[in-house]
Amino acid sequence: MRIKMKELSKIEELFLLTIWRLKENAYGVTIRRNIVERTGKEYTYGTVYSILENLLVKGYVEKHEGEPSSERGGRRKLLYNLTSSGFQALKNAYEMQRAVWGNVTGNTFGAEYIK
Amino acid sequence: MTRKKSNIPKTAERITGIIFKPGINKYASGDLEEEFHLILKESGKRKALFWYWKQVLLSAFPYIGKNIIWNIIMYKNYIKIAWRNLLNHKSYSFINITGLTIGMSLSLLIAVLVMWEISYDKFHENTDSLYRITELLYHENHTQRIHQTAVPVGPLLKNTYPEIVNSSRFINLNEMLFCYEDKRFYEYSIAADRSLFTMLTFPIIEGTATSEPNSILIDETTAEKFFGASDPVGKHVTVDNQYTFVVAGIFEDIPKNSTYQFHIVLPFEFMQNFEWFHENNWSNHNYTTFIMLDEKTDAEEINSKIINTVNDHYDEMRIDIALQSFNDIHLNTEVNGPSAFFAFFFFSLIGVFILLISCINFMNLSTARSSYRFKEIGMRKVIGGTRKNIICQFFSESLLLSFISFVFSVILVQLALNAFCNYTGAQVTLNVTENRMLLVIMIGITFFSGIVAGSYPALYLSSFMPVNVLKGTHRFGKKSRTFRRILVTTQFAASIMFIISALVITKQADFLLNYDTGWDNENLMHIRMRGDINNSYDILKNELNKNPGIQRVTAGYYLPTYFSSETDGVDWQGKDPQETIHVGWNFVDYDFIETLKINMVEGRSFSEEFADDEHSYIINESLAEKIGREPVIGAGLTFWDKPGKIIGVAKDFNYRTLKVGIQPMALLLRDKNSMQYIIIKLNPENTASTLKFITNTWERIIPGIPLEYSFIDDDIYSMYNDEDILGKVMKIITFLALFMTCSGLIGLVSFITDKKQKEIGIRKVLGASVSGIARLISKEFLNLIIISNVIAWPAAYFMMTVMLKSYAFRTKQDFGTYVISGLFILVIALLTIGYQTVKAAHKNPVEALRFE
C-alpha cells in the first residue's frame, strides 16, 4: 500500500523549487539570496538551515560537500539537490496549483488587480 | 588554500558556531562569511557588519525556541522541585521573598519615576522636529545659557531660513484676573502666537485657535470653573478689569509632564497694550521661542548656520543662539542646572543598588543553606544529572522566587502609587498596555534579579564533586570564602553609602530651611495685590498700621524670597563700558528695610522726610564692591537711564533661593502702582485676632475681591520642599536596605557557625570562654565592615560633593557624618550576629564532638 504523500507547505515548496532551479549550485548563500530576492522577505541562515534540515529528514533533498574556497575562509560548501521523492512532491504541488487556479491570470482580475 | 583576512568580529563568529547544529555550523559560518564579503563589496563595511550581526542574532531565536521545547519536560520537573523546596523551608523562603519584594518594589518605583522624568515633553506629535531657542550670553568672565530670547528672534529666524517651517513665541503673564458675570478668578496665563497650537500638541476640543486679536483660548478646567455646563465658546470675559476678550476655543488640560503649564492663552498682539513692548526690542529676553524644522533638515547643520544670527543687534555684548531639542528640555544640565540631572542619575543608581542588595541577600541565604542541598546535588549527579541540569535547577528556583516576589511587588507598588504620586508630583500608572517600556522594565527587573540572585548558587554549588558531597568530606575552598566576603562587603558599602546620603541630604534640607538669609522671615505675611487693589493700598496701609497687632506694613514688586529678574541696565561713573553686570532689583515701598529687619552697613533707608527719594537707590554690599568708590554713599547711579544717587548700602541678604548665590542688587522706591505684594509684619501674640482684623479691613476697603494671603515661612518651606522630600525618601530607602543587609547577614553567620561547630567545641573543651568565641566569629565581620567603610566613604563623598555643588549655599560635609554612619552599621551588624554567635558559643561541646 502506498502512503499518500502529504502536501507541501508553502515554504517547503518555495525551498524545493529554488533548489531545483539552482541545479548544481544550490547551497546556503545561493538558496538564501534567491529566496530573499523572489519573496522580498528576509530569511536568516538560522531559518534557512532549519528548513533545509527538515526537508532532509523528510527525504526531499540530499546533501553533499562541495569545494572549499577562500571567500568562505577555507570552508567547504554544503550543496543540496532534490531526491526523486522531492521532485515528485514539487511536481504534485505544481499540479495542485494548476488545478486550483485553473486559467486564472493577472488579466482575469481586471482593473482590481492593477490597483 | 590560504585564508582571506576576515573582517568578521570573532564573537559573532563564535556565536555562529554555537547556534547552528554541530554538523551544520561550519557550512553555515562559511555561507555567512561568503555573503558577508559579497555585501562588503556591494555596500561597504558598516552595512556588512550590521547584516552579519543581524543574521547571527536572529538565527539565535529559533535555536533558543527549539531548546525550550525539547527541555520542557525537564523544566516541569525543575519547577516542581523548586516549589517543593520553597514550601519545605517556609521561613527561609519568606525572608527571601520579602527581601526580593522590597528590592523589586523600590526599583520598580524608581524605574517608573525615571520614566516619568524621561517622558517630559514627549507627548507632542512633532517632538523630534521641535526646538526651543536658547541664548548664550557672554559676560565679562563667564557665559550664561538662558532659554528665553528677545521678541524679534523667532520671526527673524523663520524669515531667514527656509528650513525653519514655523515659529512661535510666548511670554508668561503670570496670574491675571479673569471675570465672567459674577465669577472672578486669577488664572495663570500666557500671551502666545497662535502657531503655538499648530506646532505643539495641545489639542483643541471645542472652537478653534483663531488668530482674531481679541480672542482667547482656555483649558478644560478653567472652562468648567467659569462656565460650568454652558458652552463657553463666544462668551465675553474681562481681563484685569480693563480688556474684553471672546473665548474662541477650549484646549485639553496640559499634561503634567509638560515643561510649560498655563490655563489661558491670550493672543500675542495683547502685548501691544503695554507701552514698553516693541516688536523690535532686542534687549528684553523674556520670550520663549519655539521653532519647527523641516523633517529632512539636520539640526546640527541649522545650529551652525544660526549661531550668529542675532549678534548684529548687540553692540556691547556677544549673544549666540542655539537650538535645543524638545527631547532634552527637561533634563538638560546646561540650562536647568545640574540638580535636575543629578537627582535623575542619583535615583537610577539607587534603584540598581537596591536591586543588587536584595540579590546579594538571596545569594548569602542560599549559600548558608547549601549544606542542606548537598545530598540532593550528589544524588542528582550520581544518577546521571549533568552540571547543566543542576544549574538549571537552581536558576528555576531563583526565577520562581523572583516571579513570586514580582507579583507581590506589583501589588505593593500599586498600593503605594497614589501616595507616591502625591509625594513626587509625578502622574504615573502601572498600566503596561499604554506603556510598553514599563513592561520591558518589569520583565527585565524580574529576570535580572532571578538570574543574578541565582547565579552564585547555580554556578558554585553545581561544581561539587559527588563523592565528596555524599561522604560529607566536602571542603569549602578559599575562593568561595573570598567571594562571600566580597558580597558582604558590597552590601555593607552600599548601606553605608545610603546612610551617608540620607544624613547629608537631610542636613542640607535643614540647612536651607534654617539658613540666616539676612532678613527676618518670622511672622511675615504677604497679600497679593493686582488690578485695582493698588489704588486702595495707601488707605489700607494707614488702617492696618492702626492695629497694635501689626508692626509694620510695606509693599514690593517682588517678595523678598524671590527677586526673579535682573537687568544689565545699570550704569555709574567709572564703570568699564565693556563689562556687563547683572543687577537684581525690586521696587519697594517705604519701610521695606525696616519690615524685613535688613541690616544697613552704611547710609539710610528710604524715608518720607526726604522729598527726592524717588531718585535714590539702596544697593547691597556686592554692588557697592563692584562700584568700588569711597564713599559710595552719595555716588551717582543710573538705573534704566534714570540718574539718581545711592543713599544706603544694605548688608548682603539672600533675595533668591539658596540654590543660587548673592549677586549685585538694588532697591528702588516706587509708588503703589508698581507693587505686586503687600508685606505685613505681625506681632507674634494674638495672630488670630490680627488676621481677623486684616480680613475685616480688607472687606471694608476693597469689597468683592478675595483676600489672598500666605506666610513667608510657608513659602520658604515649599521652596525647599524637594530637598525635604528627598531626605525623607532616602531615610526610608536606607531603612529597607539595612533590613535586607541584616537578614542576609543572619543567614551567613548561621552558615559560618555551622561550619565551625567542631572548632568551637574543641576550643570550649580546652577552656575558651563564651565571649572569646563570640569575638572569634565576629572578628571576621568586623574586618569586612572596616573594608566596606573604606570603599563607601570616598564614593559617598564624591556623590554628595556633586549633589551639594548644585547649591550656592551648602552645608559642610563633616567627618562626623561618615564616622557615625560607619559606627551605626557596625553596631547594627554586631547586634545582628550577636545572637547567632552567642547561641553557637553556648552549645554543649559534647553535641559537636561526640561522633569523633
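Asker: How do you make sense of the overall build of chain A when you look at a structure like this?
Answerer: Looking only at helices and strands, chain A has six helices and two strands in total. When the helices and strands of chain A are read in sequence order from the N terminus, they spell out α-α-α-β-β-α-α-α. Within the span of chain A, comprising 115 residues, buried residues form 38% of the whole. In chain A, of all internal contacts separated by at least 6 residues, the share reaching a separation of at least 24 is 49%. When the accessible surface of chain A is totalled, it reaches about 7400 Å², and 53% of it is carbon and sulfur.

Asker: When you look at the side chain of B:Ser107 in this model, what are you seeing that I'm missing?
Answerer: Residue and element names in this part refer to chain B. If you trace the backbone, Ser107 turns up in helix α3 (residues 90-118). A polar contact is formed between the side chain of Ser107 and the backbone oxygen of Met104, at a distance of 3.2 Å. For Ser107, the contacting residues outside a window of four places in its chain are Gly351, Leu355 and Ile445.

Asker: Hey, could you run me through the interface of chain B and chain A in this one?
Answerer: Bring the parts together and some accessible area is lost; that lost area is often taken as the interface size. Tallying the contact residues gives 28 residues for chain B and 27 residues for chain A. Here chain B and chain A share an interface that buries about 2300 Å² over both sides, 54% of which is from carbon and sulfur atoms. Considering only the side of chain B, the residues that lose the most area to chain A are B:Tyr27, B:Asp31 and B:Glu34, jointly responsible for 27% of the buried surface there. For the interface between chain B and chain A, the tally reads six salt bridges. B:Glu35 is the salt-bridge partner of A:Arg32, the closest N and O atoms lying 2.7 Å from each other. The tally of links between chain B and chain A comes to 13 residue pairs in polar contact (both at pLDDT 80 or more). Ranked by the residues each element gives to the side of chain B that touches chain A, the list is headed by helix α2 (residues 25-88) of chain B, at 20 residues. In the side of chain B that touches chain A, the residues fall into 10 nonpolar, six polar and 12 charged.

Asker: Just checking my understanding: could you explain the nonpolar core for this structure?
Answerer: In globular proteins that are soluble, nonpolar side chains generally tend to be buried together. Counting residues in each nonpolar core, the largest one holds 125 residues, and the members touching the most others are B:Ile619, B:Leu637, B:Phe639, B:Leu667, B:Ile678 and B:Ile680. Once residues lying within four places of it in the same chain are set aside, the contact partners of B:Leu637 are B:Val570, B:Asp571, B:Trp572, B:Tyr617, B:Ile619, B:Ile627, B:Lys642, B:Pro643, B:Gly644, B:Lys645 and B:Ile646. Grouped together as the second largest cluster of nonpolar side chains are 41 residues, A:Ile35, A:Tyr49, A:Tyr80 and B:Ala12 included.

Asker: Even after reading the chapter, I still don't get the packing of aromatic side chains, so can you show me in this structure?
Answerer: For any two aromatic rings, the description comes down to two numbers: the centre-to-centre distance and the angle of the planes. Scanning all chains against the criterion turns up 47 aromatic pairs over all chains. Between B:Phe268 and B:Tyr287, the aromatic rings sit 6.0 Å apart at their centres with planes inclined by 65°, giving edge-to-face as the arrangement. One end of the pair, B:Phe268, is in the loop between β9 (264-267) and β10 (288-293); the other, B:Tyr287, is in the loop between β9 and β10, with 19 residues separating them in the sequence. Relative to B:Phe587, the ring of B:Trp585 lies with its centre 4.9 Å away and its plane at 45°, an arrangement referred to as tilted. B:Phe587 carries the same exposure label as B:Trp585, and that label is buried. Ring-pair connections join several aromatic residues into one group, and the members of that group are B:Tyr557, B:Tyr558, B:Phe563, B:Trp585, B:Phe587, B:Tyr617, B:Phe639, B:Trp640, B:Phe653 and B:Tyr655. Cation over ring: A:Arg32 sits above A:Tyr45, and NZ or CZ is 5.2 Å from the ring centre. The aromatic ring of B:Phe185 is capped on one face by B:Lys225, whose charged end is 4.8 Å from the ring centroid.

Asker: Any chance you could explain the pattern of salt bridges here in plain terms?
Answerer: Oppositely charged side chains may form a pair once their charged atoms are brought near each other. Applying the stated criterion across every chain, the model contains 27 salt bridges over all chains. A salt bridge links A:Arg72 to B:Asp31, with the shortest nitrogen-to-oxygen separation between them at 2.7 Å. Of this pair, A:Arg72 sits in the loop between β1 (61-68) and β2 (76-82) while B:Asp31 is found in helix α2, placing the two residues in two different chains. The exposure class of A:Arg72 is buried, given its relative accessible area of 0%. The class of B:Asp31 is buried, set by a relative accessible area of 0%. For B:Lys507, the salt bridge goes to B:Asp814, with nearest N and O atoms at 3.6 Å. One end of the pair, B:Lys507, is in helix α14 (residues 478-514); the other, B:Asp814, is in the loop between α22 (770-805) and α23 (815-842), and 307 residues separate them in sequence.

Asker: How should I be thinking about empty space enclosed by the protein in this particular structure?
Answerer: Rolled over the atoms, a probe with the dimensions of a water molecule shows which regions are left empty. All names here are of chain B. According to the stated counting rule, one finds five cavities of 30 Å³ or more in the structure shown. Taken as a whole, the largest cavity holds about 220 Å³ of empty space. Around the largest cavity sit 18 residues that line it, and Tyr92, Arg369, Arg373, Glu397 and Leu401 are the ones nearest its centre. Looking at the lining of the largest cavity, the elements that each hand over two or more residues are α2, α3, α9 (338-368), α10 (370-382), α11 (387-424) and α12 (436-461). Grouping the amino acids of the lining of the largest cavity by side-chain chemistry returns nine nonpolar, six polar and three charged. Estimated volume of the second largest cavity: approximately 90 Å³. Taken together, 14 residues line the second largest cavity, and the ones lying closest to its centre are Thr517, Arg656, Ile716, Met719 and Tyr720. For the lining of the second largest cavity, the secondary structure elements donating two or more residues are α14 and α19 (712-719). Its residues placed into classes, the lining of the second largest cavity shows nine nonpolar, four polar and one charged.

Asker: It is not clear to me how unusual backbone geometry should be interpreted in this structure. Could you clarify?
Answerer: Where the residue is not glycine, phi is negative for most of them; where a peptide bond is considered, it is trans in most cases. All names here are of chain B. Despite not being glycine, Glu181 has its phi angle at roughly 50°, a positive value. Along the chain, Glu181 turns up in the loop between β3 (164-180) and β4 (183-192). Judged by its relative accessible area of 65%, Glu181 is exposed. We note that Asn523 has phi near 55°; this positive angle belongs to a residue other than glycine. Relative to the assigned elements, Asn523 resides in the loop between α14 and β12 (524-528).

Asker: Would you take a moment to explain a negative patch on the surface for this structure?
Answerer: Together, B:Asp315, B:Glu316, B:Asp568, B:Asp571 and B:Asp641 give the surface a local cluster of negative charge. Considering the arrangement of structural elements, one finds B:Asp568 in the loop between β14 (566-567) and β15 (570-571).

Asker: Explain α23(B) here, please?
Answerer: Residues spaced three or four apart along an α-helix point in a common direction, a consequence of the helix completing one turn every 3.6 residues. All names here are of chain B. The terminal C-alpha atoms of α23, which comprises 28 residues, lie 39 Å apart, in line with the 40 Å expected from a rise of 1.5 Å per residue. At Gly834, α23 shows its largest kink, close to 35°. Regarding α23, the residues found buried are Thr817, Tyr818, Ser821, Gly822, Ile825, Ala829, Thr832, Ile833, Gln836, Thr837, Ala840 and Ala841. Structurally, α23 contributes buried residues whose contacts are with α14, α20 (721-755), α21 (757-765) and α22.

Rules behind the numbers
- Residues numbered from 1 in each chain as written.
- Chains lettered and ligands numbered in written order.
- Predicted model: local features only at pLDDT ≥ 70, side-chain atom pairs only at ≥ 80, totals over all residues.
- Heavy atoms only, no water.
- Helix = DSSP H or I, 4+ residues; strand = E, 2+ residues; numbered from the N terminus.
- Buried < 20%, exposed > 50% of the residue type's maximum accessible area, 1.4 Å probe, protein only.
- Contact = heavy atoms within 4.5 Å.
- Areas by Shrake-Rupley, 256 points an atom, 1.4 Å probe, with all protein chains shown as cover.
- Polar contact = N/O pair within 3.5 Å; in protein donor to acceptor, adjacent residues only side chain to side chain.
- Buried area = accessible area lost by both parts, 1.4 Å probe.
- Salt bridge = Lys/Arg side-chain N within 4 Å of Asp/Glu carboxyl O.
- Nonpolar A, V, L, I, M, F, W, Y, C, P; charged D, E, K, R; others polar.
- Core = buried A, V, L, I, M, F, W, Y, C linked by side-chain atoms within 4.5 Å.
- Phe/Tyr/Trp six-rings, centres within 6.5 Å; stacked < 30°, edge-to-face > 60°.
- Lys NZ or Arg CZ within 6 Å of the ring centre and 35° of its normal.
- 1 Å grid on protein atoms, 1.4 Å probe; cavity = no way out; pocket = protein on both sides within 12 Å on 5 of 7 lines; lining within 4 Å.
- Points joined across faces, edges and corners; volume = space filled by probe spheres on them.
- Patch = residues over 30% accessible without salt bridge, like charges linked within 9 Å, V, L, I, M, F, W, Y side chains within 5 Å.
- Lys, Arg positive; Asp, Glu negative; His and termini not counted.
- Charge placed at Lys NZ, Arg CZ, Asp CG, Glu CD.
- Expected span 1.5 Å × (residues − 1).
- Bend = angle between axes of the 7 residues up to and from the residue.

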